[in-house]
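Structure at a glance
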Amino acid sequence: MFKVGIIGPESTGKSTLSRYLAQRYEGLWVPEYARVYLEERARERGSAYAYTREDVVRIAEYQVEYLRQLAAEDKRRISGGYAFFDTELIITKVWMLHKYGECPAFVEEALRKYPMDVYLLCYPDLEWQPDPVRENPDIREYLFEWYEREVQALDIPYYIIRHRGV
C-alpha cells in the first residue's frame, strides 16, 4: 500500500484534500484521529475541547497502533492502492514539542518504522476557518516551516500544496 501523509498547519485544506484523493483514487481514507478523539472527549465531559498532555499521548498511541495494524495487514496480502492520511505522526510530534516541550520516544520510532511513502504539505495560504478544535491562526507559517524540516529530516519525498488562486 502506498501511504500518503497529508500534513500542514490548521485550516489548510488537509481534510478536504485527503477525502478527495481517497475517493478519486479509490483508496483508504484515514481521518484525523485527534479531531475524532477531542470531539468524543468534549461530548463525554460536556464541555469545550480542552485536552491534556496525556490526551495527546493517547492520540499518538492510537496513530502508532493503526500504522502497525496497517503494516501487518499489508504483509498478509499483496496490497495495491493508496492510503491517504489526514494528518499523521509528524503533526503529533511537532504539537507535543511545541505545547509540552517534549515528545515520547515511541513517536519518533514509529515515524521511522512506519514511514509514509510521500507527504503532501499544505501551505497556509487559505483563509483561516474558525473551528472549536483549531487554536493557532497566528503561527501557521511557523508550523508549516517546522513540518517541512521534519519531513526533510526523514528524507521522504514531499510536495507543497498551494491554493490555486495564490
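Further up the page is the structure itself.
Now for a quick tour of the structure. (Residues numbered from 1 in each chain as written. Predicted model: local features only at pLDDT ≥ 70, side-chain atom pairs only at ≥ 80, totals over all residues. Heavy atoms only, no water.)

Here we take up helix α5 (residues 105-113). One turn of the α-helix equals 3.6 residues, which is why residues spaced by three or four share an orientation. For α5, the complete set of buried residues consists of Val107, Ala110 and Leu111. Each buried residue of α5 sits inside an arc of 105 degrees when the element is viewed along its axis, so together they form one side. Facing away from the buried side of α5 by more than 90 degrees, the exposed set consists of Ala105, Glu109, Arg112 and Lys113. (Buried < 20%, exposed > 50% of the residue type's maximum accessible area, 1.4 Å probe, protein only. Helix = DSSP H or I, 4+ residues; strand = E, 2+ residues; numbered from the N terminus. Arc of directions from axis to C-beta.)

On to the nonpolar core. Counting 27 residues, the largest nonpolar core has Ile7, Phe85, Leu89, Ile90, Leu111, Tyr119 and Tyr147 as its most contacted members. For this core, the secondary-structure elements that each account for two or more residues are α3 (53-76), β3 (82-86), α4 (89-100), α5, β4 (118-122) and α6 (140-154). Not counting the four nearest positions on each side in its chain, tyrosine 147 is found in contact with Ile7, Gly8, Pro9, Ile90, Ile91, Val94 and Leu121. With 10 residues, the next largest nonpolar core counts Val56, Val57, Ile59 and Met96 among its residues. (Core = buried A, V, L, I, M, F, W, Y, C linked by side-chain atoms within 4.5 Å. Contact = heavy atoms within 4.5 Å.)

The residue glutamate 10 is located in the loop between β1 (2-7) and α1 (14-24) in this model. Measuring from C-alpha to C-alpha, the distance between glutamate 10 and arginine 134 comes to 6.5 Å, with 124 residues separating the pair along the chain. A polar side-chain atom of glutamate 10 sits 3.1 Å from the main-chain amide nitrogen of glutamate 135. (Polar contact = N/O pair within 3.5 Å; in protein donor to acceptor, adjacent residues only side chain to side chain.)

The next subject is the layout of surface pockets. Here the largest pocket is characterised by a volume of approximately 880 Å³. As for the largest pocket, its lining consists of 38 residues, of which Pro9, Glu10, Ser11, Lys14 and Thr87 are closest to the centre. At the level of elements, α1, α2 (33-45), α3, α4 and α6 are the ones that each hand at least two residues to the lining of the largest pocket. Broken down by element, the lining of the largest pocket gets its largest block of residues, 5 residues, from α1. (1 Å grid on protein atoms, 1.4 Å probe; cavity = no way out; pocket = protein on both sides within 12 Å on 5 of 7 lines; lining within 4 Å. Points joined across faces, edges and corners; volume = space filled by probe spheres on them.)

Let us look at empty space enclosed by the protein. The final tally for this structure, using the stated rule, is 1 cavity of 30 Å³ or more. Volume-wise, the largest cavity comes out at about 100 Å³. In terms of lining, the largest cavity is formed by 13 residues, of which the most central are Val30, Gln63, Phe85, Thr87 and Glu88. Of all the secondary-structure elements, those providing two or more residues to the lining of the largest cavity are α3 and β3. Here the lining of the largest cavity takes 4 residues from α3, the largest share from any one element. Within the lining of the largest cavity, the residues separate by chemical class into 8 nonpolar, 2 polar and 3 charged. (Nonpolar A, V, L, I, M, F, W, Y, C, P; charged D, E, K, R; others polar.)

The quantities given are spatial measurements derived from coordinates; they are silent on function.
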